Amino acid sequence: MNIPRQLQSLLHSVLGATALAACMWQPSHAAPPPGRVPDTIEQRVAACIACHGREGSSTEAAYFPRLSGKPAAYLFNQLLSYRDGRRFNSDMTHMVQHLSDAYLREIADYFGGIDLPYPRPPTTTDATPQMLARGKALVFDGDPARGIPSCAQCHGQALTGVLPGIPGLLGLPRLYLSSQLGAWVTNDRHALEPDCMAQVGRKLTTADINAVTSWLVLQPVPANPKPAAHAPSPVPMACSALNTP
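Quick caveat: nothing in here was measured; it's all calculated off a predicted structure. Think of each chain on its own: its residues are numbered from 1, step by step along the sequence as written. Per-residue local features of the predicted model are confined to residues with pLDDT of at least 70, and side-chain atom pairs are confined, for both listing and counting, to 80 or more; whole-chain, interface and lining totals are unaffected and use all residues. To get the side-chain values, take all heavy atoms of the structure and skip hydrogens and water.

**Describing the overall build of the protein**
Now for step 1: Broken down by element type, the protein carries 11 helices and zero strands.
Now for step 2: Strands here mean DSSP runs of E at least two residues long; helices mean DSSP runs of H or I at least four residues long; both are numbered from the N terminus. Counting helices and strands in the order they occur from the N terminus, the protein gives α-α-α-α-α-α-α-α-α-α-α.
Now for step 3: With a 1.4 Å probe rolled over the protein chains alone, any residue whose accessible area is under 20% of its type maximum counts as buried; one over 50% counts as exposed, and the rest are partly exposed. In the protein, which comprises 245 residues, the share counted as buried stands at 38%.
Now for step 4: Pairs of residues are marked as contacts when any of their non-hydrogen atoms sit within 4.5 Å. In the protein, the proportion of contacts linking residues at least 24 apart, taken out of those at least 6 apart, comes to 70%.

Encoded structure:
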């Protein structure tokens, strides 16, 4: 078929422009393939450190509690409680609400196995000497007249926690300690039955909480911060934290 000369010229112009456009849109170098995110527990818990600090080692000045080195069973129980509604924090609930028991246990085991140094305690306080003395007395002697056992009876004489699921009380932010003790008082925090802290917490006053937390945050963490293998005997009441989950 014979194509008129004018039409041939037009086709050549169109094809040439199309080829030029294709060249202009063609990248000079092929983009590298996107990197693969490593499928490791360290990568998957990266979201946790945004609040809890590097590898879960929160500083005293922060609100968020330390995760690293806590008894794994304690961490596991807290994750379960956020997922199942016994504790509430909108961010925590959102993050764990769809996770399985096995995945939560893996997270707990990871942070429980990390051994990092603790920050030094603060050197100043707004608490009076009388308040600090009251706090120390509650920690080691309790208040028998009001049916309040000492903290050390469950959390250990070194206050570093007890296996399998009782946490340490040292090296934590004062604001966090106060808020959690307050949550027991107001019945906003719960644990699996038997819920021993609920029984103790409902007997505490605001003055008790201020005294105890003011004294605790000034105490250095022992050279061996590991939780004790066994609770002091006898424990003052049945507690789910002494049961292996």
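**Describing the pattern of salt bridges**
Now for step 1: Here, a salt bridge means any Lys or Arg side-chain nitrogen found within 4 Å of an Asp or Glu carboxyl oxygen. Taken as a whole and judged by the stated rule, the model has 11 salt bridges.
Now for step 2: Measuring nitrogen to oxygen at the nearest pair gives 2.9 Å for the salt bridge that ties Asp84 to Arg83.
Now for step 3: You can call Asp84 partly exposed: its relative accessible area is 42%.
Now for step 4: Through salt bridges that share partners, Arg83, Asp84, Arg86 and Asp101 make up one connected network.

**What about the environment of Cys48?**
Now for step 1: With respect to the secondary-structure elements, Cys48 resides in helix α3 (residues 46-52).
Now for step 2: For Cys48, a relative accessible area of 17% puts it in the buried group.

**Points about the state of the cysteines**
Now for step 1: Two cysteine sulfurs form a disulfide in these notes if their separation is within 2.5 Å. This model, assessed by the stated rule, comprises one disulfide.
Now for step 2: Linked covalently through their sulfurs, Cys196 and Cys239 form a disulfide whose S-S length is 2.0 Å. In this pair, Cys196 sits in helix α10 (residues 196-201) while Cys239 sits in the segment after α11 (206-216), placing the two residues 43 residues apart along the sequence.
Now for step 3: On the basis of relative accessible area, Cys196 is assigned to the buried category, the value being 8%.
Now for step 4: Just so you know, Cys48 is unpaired, no disulfide at all, and the nearest cysteine sulfur is the one on Cys51, 9.0 Å from it.
Now for step 5: Left without a disulfide partner, Cys154 is nearest to the cysteine sulfur of Cys196, which lies 5.7 Å away.

**Brief notes about the nonpolar core**
Now for step 1: The set of buried Ala, Val, Leu, Ile, Met, Phe, Trp, Tyr and Cys residues whose side-chain atoms join them within 4.5 Å is what this entry labels a nonpolar core. Grouped together as the largest cluster of nonpolar side chains are 35 residues, with contacts concentrated most on Val45, Phe111, Val139, Leu159 and Leu216.
Now for step 2: No other element matches helix α4 (residues 72-84), which puts six residues into this core.
Now for step 3: Those residues in contact with Val45, other than ones at most four positions away along the chain, are Ile107, Tyr110 and Phe111.
Now for step 4: Judged by nonpolar contacts, the second largest core, of 14 residues, contains Ile148, Val162, Leu181 and Met237.

**Quick look at the packing of helix α9 (residues 174-185) against α11**
Now for step 1: Angles shown run from 0 to 180 degrees and are taken between the N-to-C directions of axes, each axis being a line fitted to C-alpha atoms and, for helices, limited to the stretch in contact. Packing of α9 against α11 brings their axes to within 9 Å, and their N-to-C directions diverge by 150°. When the axes of α9 and α11 are compared, the pair comes out roughly antiparallel. Handedness of the α9/α11 crossing: right-handed. Residues Arg174, Leu177, Ser178, Leu181, Gly182 and Val185 of α9 form the contact with α11, whose participating residues are Ile209, Asn210, Thr213, Ser214 and Leu216.
Now for step 2: Looking at side-chain class alone, the contact of α9 with α11 contains five nonpolar, five polar and one charged residues. Note on angle classes: values under 35 degrees are labelled roughly parallel, values over 145 roughly antiparallel, values of 65 to 115 roughly perpendicular, and the remainder oblique. Note on convention: the crossing is left-handed when the near helix lies turned anticlockwise from the far helix by less than a right angle, right-handed when the turn is clockwise. Under the grouping applied here, Gly and all other residues not named as nonpolar or charged are polar, the nonpolar ones being Ala, Val, Leu, Ile, Met, Phe, Trp, Tyr, Cys and Pro and the charged ones Asp, Glu, Lys and Arg.

**Some points on the packing of helix α7 (residues 129-141) against α11**
Now for step 1: At a minimum axis distance of 7 Å, the contact between α7 and α11 shows a crossing angle of 90°. Between α7 and α11, the angle falls in the class roughly perpendicular. Contacts between α7 and α11 involve Met131, Leu132, Arg134, Gly135, Lys136, Leu138, Val139 and Phe140 on the former and, on the latter, Asp208, Asn210, Ala211, Val212, Ser214, Trp215 and Leu216.
Now for step 2: Looking at the contact of α7 with α11 residue by residue, the class counts come to nine nonpolar, three polar and three charged.

**Overview of the environment of Pro245**
Now for step 1: One can find Pro245 in the segment after α11.
Now for step 2: Taking C-alpha positions, Pro245 is 8.5 Å from Pro164, a pair spaced 81 residues apart along the chain.
Now for step 3: With near-sequence residues (within four places) excluded, Pro245 lies in contact with Ala73, Phe76, Asn77 and Arg105.

**A closer look at the packing of aromatic side chains**
Now for step 1: Stacked, edge-to-face and tilted labels apply to pairs of Phe, Tyr and Trp rings (six-membered ring for Trp) whose centres lie within 6.5 Å, assigned for plane angles under 30 degrees, over 60, and everything in between, in that order. In the structure shown here, the tally under the stated rule is four aromatic pairs.
Now for step 2: By the ring-pair criterion, three or more aromatic residues cluster together here, those being Tyr63, Phe64 and Tyr176.
Now for step 3: Either the NZ atom of lysine or the CZ atom of arginine qualifies as a charge over a ring when it sits within 6 Å of the ring centre and within 35 degrees of the ring normal. Between the NZ or CZ atom of Arg66 and the centre of the ring of Tyr118, over which it lies, the distance is 3.5 Å.
Now for step 4: The ring of Phe76 has Arg105 sitting right over it, with the charged end atom 4.1 Å from the ring centre.

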